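# Structural description and commentary
One-letter residues, chain by chain:
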Amino acid sequence: MAEMLMVQLAERSYPIHFSAELRQEIRAELEAFGRSGRKVAVVTDSNIAAQQAQTLEEIAAGAPTLVFPPGESTKSLESLGRVLDFLAERHLDRSSALVAVGGGVIGDLAGFAAASYLRGIGYYQVPTTLLAMVDSSVGGKTGINLKAGKNLAGAFHQPRGVFIATKLLATLPAREFAAGMAEVIKYGLLGDAELFDQLEHSPLTLASSELPAVIRRCCAIKARIVEADERELAKEGGRALLNLGHTFGHAIEQATGYRRFLHGEAVAIGLASAARLSQLLGYLTAADVARVDAVLTAHALPTRLTSALPVAELMAAMTRDKKMRSGMPRFVILTRFGESVTRDGILPTLVEAIWRQVGAL
Ligand code: ADP
Ligand code: ZN
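All values reported here derive from a predicted model rather than from experimental measurement. (Residues numbered from 1 in each chain as written. Chains lettered and ligands numbered in written order. Predicted model: local features only at pLDDT ≥ 70, side-chain atom pairs only at ≥ 80, totals over all residues. Heavy atoms only, no water.)

### A closer look at the coordination of the zinc ion (ligand 2)
- At this site the zinc ion (ligand 2) is bound by Glu-183 (OE), His-246 (NE2) and His-263 (NE2), with donor distances of 2.0 to 2.1 Å.
- The sequence motif formed by the donor residues of the zinc ion (ligand 2) is E-x62-H-x16-H. Of the two residues, Glu-183 is situated in helix H7 (residues 174–191) and His-263 in helix H11 (residues 263–280); the sequence distance between them amounts to 80 residues.
- Take His-263: its relative accessible area is 23%, and that puts it in the partly exposed class. (Donors = N, O, S within 2.8 Å, 3.2 Å for Na, K, Ca; no water. Helix = DSSP H or I, 4+ residues; strand = E, 2+ residues; numbered from the N terminus. Buried < 20%, exposed > 50% of the residue type's maximum accessible area, 1.4 Å probe, protein only.)

### Some points on the pattern of salt bridges
- One pass over the full model with this rule turns up 23 salt bridges.
- Glu-339 serves as the salt-bridge partner of Arg-336, at 3.8 Å between the closest nitrogen and oxygen.
- Judged by its relative accessible area of 52%, Arg-336 falls in the exposed class.
- Salt bridges sharing partners connect three or more residues here, namely Glu-21, Arg-23, Glu-58 and Lys-167. (Salt bridge = Lys/Arg side-chain N within 4 Å of Asp/Glu carboxyl O.)

### Considering the domain arrangement of the protein
- As assigned here, the protein comprises domain 1 (3–171) and domain 2 (174–357).
- Taking only C-alpha atoms into account, the centre of domain 1 sits 26 Å from that of domain 2.
- Counting from both sides, the interface comprises 27 residues of domain 1 and, opposite them, 30 residues of domain 2.
- Regarding the contact of domain 1 and domain 2, the summed buried area is about 2,400 Å², with carbon and sulfur atoms giving 66% of it.
- The largest contributions to the domain 1 side of the interface with domain 2 come from Leu-130, Val-134 and Phe-156, which together make up 25% of the buried area.
- Taken together, domain 1 and domain 2 are joined by five salt bridges.
- Its salt-bridge partner being Lys-186, residue Asp-135 comes within 3.8 Å of it at the nearest N-O pair.
- For the interface between domain 1 and domain 2, the tally reads eleven residue pairs in polar contact (both at pLDDT 80 or more).
- Mapped by element, the contributors of at least two residues to the side of domain 1 that touches domain 2 are strand E1 (3–7), strand E2 (14–19), helix H6 (130–136) and strand E8 (149–156).
- Tallying contributions element by element places H6 first for the side of domain 1 that touches domain 2, with six residues.
- Within the side of domain 1 that touches domain 2, the residues separate by chemical class into 16 nonpolar, six polar and five charged. (Domains from an automatic or database assignment. Contact = heavy atoms within 4.5 Å. Buried area = accessible area lost by both parts, 1.4 Å probe. Polar contact = N/O pair within 3.5 Å; in protein donor to acceptor, adjacent residues only side chain to side chain. Nonpolar A, V, L, I, M, F, W, Y, C, P; charged D, E, K, R; others polar.)

### Brief notes about the site of ligand 1
- Around ligand 1 sit 16 residues, and of these Asp-45, Gly-104, Thr-128, Thr-129 and Thr-171 come closest.
- Contacts to ligand 1 include Asp-45, whose side-chain N or O atom sits 2.7 Å from an oxygen atom.
- One nitrogen or oxygen atom from the main chain of Leu-168 is found 2.8 Å from a nitrogen atom belonging to ligand 1.
- A total of 570 Å² of accessible area belongs to ligand 1 in isolation, and the protein chains cover 87% of it.
- Looking at the shell around ligand 1, the elements with two or more residues in it are helix H2 (46–51) and helix H5 (104–116).
- Looking at the shell around ligand 1, the element that brings in the most residues is H2, giving three residues.
- Classifying every residue of the shell around ligand 1 by side-chain character gives seven nonpolar, seven polar and two charged. (Near = heavy atom within 4 Å. Areas by Shrake-Rupley, 256 points an atom, 1.4 Å probe, with all protein chains shown as cover.)

### A short note on the nonpolar core
- Formed by 73 residues in total, the largest nonpolar core has its most connected members in Ile-16, Leu-130, Met-181, Ile-185, Leu-189 and Ile-215.
- In this structure, this core is formed jointly by two domains, domain 1 (3–171) and domain 2 (174–357), each of which donates at least three residues.
- Apart from the residues within four sequence positions on either side, Ile-16 is in contact with Glu-3, Met-4, Leu-5, Val-7, Val-138, Val-162, Ile-164 and Cys-219.
- One finds Ala-266, Met-315, Met-328 and Val-358 within the second-largest nonpolar core, a separate group that totals 23 residues. (Core = buried A, V, L, I, M, F, W, Y, C linked by side-chain atoms within 4.5 Å.)

Take a look at the structure:
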């Protein structure tokens with residue numbers, strides 16, 4: 001049975017549908033489009049086209065489909081141009097919609113194309129990675145990378161609907177599944193102590209019967225946060241809480257040229273770091289920090305930098321963070337498991353101490 005969760009954003013509200021398989025639901029939605037003479041186009045990547053060929057065929061049902069090479073380099077200005085030209089060549093109009101079938105890369109790219117084509121058309125998200133299911137497909141952040149950095153061009157553009165079909169994860173590489181788990185653990189830490197406990201007592205795998213419910217739970221947390229602060233404008237807390245572990249994580253990704261760690265892996269080390277910072281500020285105990293490390297480890301995620309990186313390089317990467325406010329970036333701190341706050345004005349010496357704790361030189 002398909003379940004549904006609404007993201008309540010007034011006229012931009014939309015449903016997130018959950019089930020093992022959702023091909024029929026997606027078809028029904030898109031066929032309704034066709035019946036009223038409106039067009040759809042599909043964007044995906046070649047891994048999904050190869051490994052989920054049948055699902056893709058059923059979703060697209062003959063609609064024009066644009067297939068990109070897999071990987072972060074697809075989130076480029078050039079790809080954006082290709083999607084926009086593709087839509088124009090196929091005569092999609094303002095009543096048309098785009099369907100993104102893929103991970104965060106395809107979702108961000110297709111979402112941004114939908115945001116800018118004819119000043120904005122509708123789009124649907126069909127996430128195929130765990131990370132996209134719990135995070136990037138919900139909330140309307142779209143964008144591409146520029147030469148100068150990641151996600152430097154983009155738009156807030158909420159989808160018309162999100163279809164989360166957990167069976168699509170069957171072909172996802174194990175390392176990608178683990179990377180998505182970093183975001184799941186993040187949700188437990190920042191807003192759902194019960195979820196954290198559950199992950200602590202029985203680590204989640206692709207085969208877990210709880211997997212769909214856990215994904216739903218993460219989407220519910222994200223939906224509530226996005227509803228309260230759609231554009232991340234809250235003076236404190238709000239959508240920025242979703243950045244738990246990311247201030248450290250983004251610095252790690254940058255300092256390693258986005259090659260050594262997957263995003264989720266860098267976030268895992270970031271969560272271990274954020275837990276340590278929370279301890280240093282007097283909120284968590286050493287035993288709490290050990291629990292965070294253990295949950296990450298149980299989900300095949302790193303908690304330390306695997307090869308030594310200079311503290312100075314990580315600090316430099318941090319101050320280039322897009323979310324920086326007056327000199328040092330804003331951090332998300334755990335006040336306890338399941339409760340987090342944003343914090344400005346953390347002293348650089350404290351942050352340096354944390355970097356050393358997680359293995360920087
Ligand atoms: P993310 O969702 O983590 O941002 P990507 O969009 O880069 O990541 O997807 C990660 C990798 O997994 C890519 O190589 C992509 O082609 C591949 N991939 C995505 N979904 C699936 C799937 N369901 N089965 C197999 N491979 C997939
Ligand atoms: Zn993330």
